[in-house]
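Coordinates in review
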Amino acid sequence: MDPLDPDNPQALLHPEGVADFATLAQHLIESARERVRILPQRVDLRYLVNPAVVTALRELALQRRRARVELLLLPGLARDGDGLALWNLAARLPSSFTVHCLADEQASFSEALLTADTRGYLHRAQPDRLRGTACLDDAAGTRDMNQRFEELWLASAPDPDARRLGL
């Protein structure tokens, strides 16, 4: 299944599996101009470390001077080897990447999301299944996702492992 609908960017998409999620994440990141926000669960590392996704994040950080990538992680996820390509990228580009850990009282948060600016999002409600919803052009839906992210971000703290790496 091709998760992208070039004829209707406002269509509600239903990605399933690593390939769909990687394709949508790459597309959203490539479309971003200022900010990408990522709140992954462990299973999301399977598509976030896809070379095309990592390349899109690197290009965003290098080509857009004001671009910011905010990673909001579950406690302990930042040290997970499964996300090594993502963690290495954040360590190499500290002026563009900010890494926070969820507060202890929010550590049971089970959703995952990725937003690109104020237009597009990728969302999963179940923590262990790569099945979700996405839209490439939905200001209202993206605003809701960004608001949820912002609430969690404000209660979070910088990742202590990122500080040790000089992030």
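My aim in this report is to walk through the structure given alongside it, one point at a time. These numbers come from a predicted model, not from an experiment.

What to know about the sheet that holds strand β3 (residues 97-101)
- The strand order across the open sheet built from 7 strands is β6-β5-β4-β1-β2-β3-β7, with neighbouring strands paired in mixed fashion. Among the strands making up the open sheet, the edge pair consists of β6 (133-135) and β7 (157-158).
- With 5 bridges connecting them, strand β4 (residues 112-116) and strand β5 (residues 120-124) associate as antiparallel partners. Residue pairing across strands places Leu 114 opposite Leu 122, the latter belonging to β5.

Observations regarding the packing of helix α1 (residues 18-31) against helix α3 (residues 51-63)
- At a closest axis distance of 9 Å, the pairing of α1 and α3 adopts a crossing angle of 10°. Comparing their axes, α3 and α1 come out roughly parallel. Residues Ala 22, Ala 25, Gln 26, Ile 29 and Glu 30 of α1 pack against Ala 52, Val 53, Ala 56, Leu 57 and Leu 60 of α3.

Quick notes on the rules
Residues numbered from 1 in each chain as written. Predicted model: local features only at pLDDT ≥ 70, side-chain atom pairs only at ≥ 80, totals over all residues. Heavy atoms only, no water. Pairing = 2+ DSSP bridges. Helix = DSSP H or I, 4+ residues; strand = E, 2+ residues; numbered from the N terminus. Axes fitted to C-alpha atoms, helices over the stretch in contact; angles between N-to-C directions. Parallel < 35°, antiparallel > 145°, perpendicular 65-115°, else oblique. Contact = heavy atoms within 4.5 Å.

Nothing here speaks to function; it is all geometry.
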